[in-house]
There are 2 protein chains.
Amino acid sequence: MENLQQHIDSVMQKASEAFKIYRKVSGKDKAVFLRTIAQNILDLGDSLIQTAHQETNIPEARLIGEHTRTCFQLETNARLLEEGSWVEARIDTALPERAPMPRPDIRKMLIPIGPVVVFGASNFPFAYSTAGGDTASALAAGCPVVVKGHPAHAKTSEMVAEAVLKAVSTCGLPDGTFAHVAGHSFEVGRALVLHPIAKAVGFTGSLNGGKALFDLANQRPEPIPVFSEMGSINPVVLMPEKLKAEASQVALTYANSITLGMGQFCTNPGLILAIDNPDLDTFIETLSKAVEQVAPAAMLNAGIYQNFEGKRTVALSQEGVKTEVESLVEKTGIIQAIPTIASVSSSIFLENPTLHQEVFGPYSLIVKCTDLDNLLQVIQHLEGQLTSTLMATEEELQDNPEIVETLRNICGRLIFNGVPTGVEVCYAMQHGGPFPATTDARFGAVGPDAIKRWVRPASFQNFPEKLLPAELQSQNPLNIWRIVNDEWTR
Amino acid sequence: MENLQQHIDSVMQKASEAFKIYRKVSGKDKAVFLRTIAQNILDLGDSLIQTAHQETNIPEARLIGEHTRTCFQLETNARLLEEGSWVEARIDTALPERAPMPRPDIRKMLIPIGPVVVFGASNFPFAYSTAGGDTASALAAGCPVVVKGHPAHAKTSEMVAEAVLKAVSTCGLPDGTFAHVAGHSFEVGRALVLHPIAKAVGFTGSLNGGKALFDLANQRPEPIPVFSEMGSINPVVLMPEKLKAEASQVALTYANSITLGMGQFCTNPGLILAIDNPDLDTFIETLSKAVEQVAPAAMLNAGIYQNFEGKRTVALSQEGVKTEVESLVEKTGIIQAIPTIASVSSSIFLENPTLHQEVFGPYSLIVKCTDLDNLLQVIQHLEGQLTSTLMATEEELQDNPEIVETLRNICGRLIFNGVPTGVEVCYAMQHGGPFPATTDARFGAVGPDAIKRWVRPASFQNFPEKLLPAELQSQNPLNIWRIVNDEWTR
């Protein structure tokens, strides 16, 4: 049997060969490919759902929703390719008469960066995994994809990989356009990221995992970009007038958001900031009553359960932290998480970095602030986040620009009177944010713009018209939006 | 006297305070600011040109051109801000009736990333320095800028910094919107890049310098993006039919490009690839006759001269390298570079990594290939480049797609029948490329798109109309191009 390095080398060599062909495939043909993948995944039907359910403990209903979302992501990328304007074509035509020097004809568009290595997430076996958002957007960009299968749902990953490979074959694309590498050890991922043929990395998971890959990639002789979407505690600010008016209603909304999917979402609200007053007491009381009725349920796997229990125990044992409520419903299995709400004063929170860390699961910490200035101070001390949420009246939103600005500055998505859980797949979605939410805040992982992680601009100077890519030909045969001599035009 | 760290800390704190205000300044007001900077630089008149000439040995005529270019870059960014569509606004309106879940209203635009540290280049005291392309684009983005003045043109840098600071004051912007830090030592740059307030870095210069800053920034507790534009040998491929038709003419064009500005351009053609035949002999003969007449001239400074002499000596002493020509004109000063052309066989070139390194100055290496397959093989072994050039007939361009594709894949800009020197400031320009040309091929340093290095997408979910930034308001008060519910519209 060949050893690991030989196997990885053979996979990456195939990806490199495939890139030479796949990068030239038209947007329309790539759209057909993405839709074929979606159809093949649909065709797997209930057996795929059952396999994922057995591997992840995620309820079937949610898996069916995630399955639909995964196909929709592929469809979204297919539409992006068909529309075509995403390549950001810019044309500056020659100015032969210009003095003192003539201007040559220059044309630019986005082209694929090269083979991409994708690490799927444990908590989304479909939508952020083998044929999830990273894979869909990288394939859309024209990059071959090598997926490192997640060991927590190895069979699911294999099944989806087969669906993608079948589409590669049906669509007549080169062999190495997609590859799936199984393997439990970190060594597999390490070998993939360090391979000279890899040109970018997509990762969804923990801060430790994502940061390790980022460091590895930057230590290569040729550093490559890594987009790691990592942890986030997603602060929620409860403004006093809002609480005065709707403490109980807000509490019920958040009881649901905090415990949804046993809190195993990267947008789970793990931190609640409010001013300590009787309205906050009402909020906590209602929240507690709701959370104590939420039945513990199995987490994704034993590792994630142990991580939750460990971090929860550490958090609850910090000086000054009060456990407000734990679910009163009895556990019926060993890897079931107990939904938990704790509270702490702002002064202790500010001094204890442990309390700023994510506890991945159904856990949220309420930070009791003394007044609005103190609340602002706490916000200013938070790290980068995927989301921030402001529960406020419209007047409070208007009257507190510094709180709004500061929240906006630390996160990728700022929500007004809503919950952070639920990530729409659309153009306006930013699923990303300043470190440690991701390793590069300039990109996002969800929606059509996610393709930008895997492309780079390339200029063509003085090229004969007929040898230019269709996107850059003067007649604009693809009818895409372009900037021509400083004007947006189609 | 305060120590270095205290000084840097005070500068960065001011930048942080300024960011809170400057990030909210409208595009129109930032455009006025950039134009005021340009006017202040113009007002410095001849004394600025003379100072730069004394510090860099660059001829006055070229400095005047670069001065004009610098003001044009500021103007280009001002126009970008006035037009406004660069923020990539995307709006997905609410779908309250959608089943199973309603869609909230989500709107996204690019916002500034935070204070940016800029390291100017020695070879462009205006256009890539204190108020050069990095500073102009970062200020346009809404980021305060801290410039580390280049010690090789310290007075020039101080003068330009004064012009910027005067504009900050005239335009009523906060103090820390721009700062200039002088200092010879690497410690100054190191302290700036490591400061927690710094959120991105722009650098133009050597591979060693740019890579060192990149590594520093990635080792921070919070890694930040570094865009280093570094070395490049800018391969030029001479195809046989082109040489057969125009060997002498191509040689004269390249004699000029190689020795322009004593070769001190990052787009200097340092590598020429061709098939070894009598037409190449003609090319070399004509090139040699032209280069031997080019008078040695002073390089930018003693350090750059010593670096050139050192690297040139090492390159010429490699086994199998033949010195084709050195300038026959006598040197009249101690830091004058001797224009030099060398040649080597492809087999030796492929085996000796030293020959792939940049020799910054008027030096070019001709690699003699055996045939087209061998030529392709050499191209496949090149590292990332800012530019690649193909001198070919149209038929050769058409008949050799793999050579074209491979050249395109290693560089940011692919030139057909031209020279790489001369970087247009326009939308379609890509001044960047795969490592080691830059540290992130997904961005470029020249033209309006250079602003993208300093911004990140931010979403607003469910925000009241009147509290949204103007760019995202439904009525589109700025009349910018946006994607609204999947459609491009204005």
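Residues numbered from 1 in each chain as written. Chains lettered and ligands numbered in written order. Predicted model: local features only at pLDDT ≥ 70, side-chain atom pairs only at ≥ 80, totals over all residues. Heavy atoms only, no water.

An account of the overall build of chain A is requested, with residue identities and associated values reported.
Each helix and strand in chain A was counted, giving 15 helices and 19 strands. For 490 residues, the compact-globule formula gives about 23 Å, and the C-alpha radius of gyration of chain A, at 24 Å, lands near that figure. For chain A, the spread of C-alpha atoms along the three principal axes comes to 75 × 65 × 40 Å. Out of the 490 residues belonging to chain A, those deemed buried represent 63%. Restricting the contact set of chain A to residue pairs at least 6 apart, pairs at least 24 apart contribute 76%. When the accessible surface of chain A is split by element, carbon and sulfur atoms take 54% of a total near 17600 Å². Across chain A, the centroid of the 39 positively charged side chains sits 9 Å from that of the 54 negatively charged ones. (Helix = DSSP H or I, 4+ residues; strand = E, 2+ residues; numbered from the N terminus. Rg over C-alpha atoms; globule rule 2.2 N^0.38 Å. Buried < 20%, exposed > 50% of the residue type's maximum accessible area, 1.4 Å probe, protein only. Contact = heavy atoms within 4.5 Å. Areas by Shrake-Rupley, 256 points an atom, 1.4 Å probe, with all protein chains shown as cover. Lys, Arg positive; Asp, Glu negative; His and termini not counted. Charge placed at Lys NZ, Arg CZ, Asp CG, Glu CD.)

Can you explain the packing of helix 13 (residues 372-380) of chain A against helix 15 (residues 401-410) of chain A? Please cite residues and give values.
Residues and elements named next belong to chain A. Where helix 13 meets helix 15, the axes come as close as 10 Å, and the angle between the chain directions of the two elements is 15 degrees. Considered as vectors, helix 13 and helix 15 are oriented roughly parallel to each other. Here helix 13 runs over helix 15; the crossing is left-handed. For the pair helix 13 and helix 15, contact is made by Leu372, Leu375, Leu376, Ile379 and Gln380 and by Glu402, Ile403, Thr406, Leu407 and Ile410, respectively. Split into classes, the residues belonging to the contact of helix 13 with helix 15 amount to seven nonpolar, two polar and one charged. (Axes fitted to C-alpha atoms, helices over the stretch in contact; angles between N-to-C directions. Parallel < 35°, antiparallel > 145°, perpendicular 65-115°, else oblique. Left-handed = near helix turned anticlockwise from the far one by under 90°. Nonpolar A, V, L, I, M, F, W, Y, C, P; charged D, E, K, R; others polar.)

Summarise the relation of the copies chain A and chain B; cite the residues concerned and give the values.
Mapping chain A onto chain B calls for a screw motion: a turn of 180 degrees about the axis and a shift of 0.0 Å along it, with 0.0 Å RMSD after fitting. What the rotation and shift describe, once combined, is the action of a two-fold rotation axis. In terms of proximity to the rotation axis, the leading residue of chain A is Asn218(A), whose C-alpha is 3.8 Å off the axis. When the interface residues of chain A are mapped onto chain B, 100% of them are again interface residues, pointing to one common binding face. (Least-squares fit on C-alpha atoms with pLDDT ≥ 70 in both.)

Tell me about unusual backbone geometry, residues and numbers included.
Across the junction of Ala99(A) and Pro100(A), the peptide omega takes the value 0 degrees, indicating a cis bond. Mapped onto the fold, Pro100(A) is located in the loop between strand 1 (90-92) and strand 2 (106-112). Each neighbour pair has its own omega, and for Phe435(B) with Pro436(B) the value is 5 degrees, a cis peptide bond. Relative to the helices and strands, Pro436(B) is located in the loop between strand 16 (411-416) and strand 17 (455-461).

How would you sum up the domain arrangement of chain A? Please name residues and give values.
All names here are of chain A. According to the domain assignment, chain A contains domain 1 (4-230 + 441-489) and domain 2 (235-416). Taking only C-alpha atoms into account, the centre of domain 1 sits 35 Å from that of domain 2. For the pair domain 1 and domain 2, the summed buried area comes to about 800 Å², and 58% of that belongs to carbon and sulfur atoms. Of all residues in domain 1, Asn57, Asn123 and Glu229 bury the most surface against domain 2, accounting for 46% of the area lost on that side. Along the contact surface separating domain 1 from domain 2 lie zero salt bridges. The tally of links from domain 1 across to domain 2 stands at three residue pairs in polar contact (both at pLDDT 80 or more). (Domains from an automatic or database assignment. Buried area = accessible area lost by both parts, 1.4 Å probe. Salt bridge = Lys/Arg side-chain N within 4 Å of Asp/Glu carboxyl O. Polar contact = N/O pair within 3.5 Å; in protein donor to acceptor, adjacent residues only side chain to side chain.)

How would you summarise empty space enclosed by the protein if you had to cite specific residues and measurements?
Counted under the stated rule, the structure contains five cavities of 30 Å³ or more. Space inside the largest cavity adds up to approximately 410 Å³. Put simply, the parts of the chain that give the lining of the largest cavity at least two residues each are strand 2 and strand 17 (455-461) of chain A together with strand 2 (106-112) and strand 17 of chain B. Its residues placed into classes, the lining of the largest cavity shows 14 nonpolar, four polar and twelve charged. Space inside the second largest cavity adds up to approximately 320 Å³. Lining the second largest cavity are 31 residues, and of these Glu88(A), Arg90(A), Trp488(A), Glu88(B) and Trp488(B) sit closest to its centre. Considering only residue class, the lining of the second largest cavity consists of 18 nonpolar, two polar and eleven charged. (1 Å grid on protein atoms, 1.4 Å probe; cavity = no way out; pocket = protein on both sides within 12 Å on 5 of 7 lines; lining within 4 Å. Points joined across faces, edges and corners; volume = space filled by probe spheres on them.)

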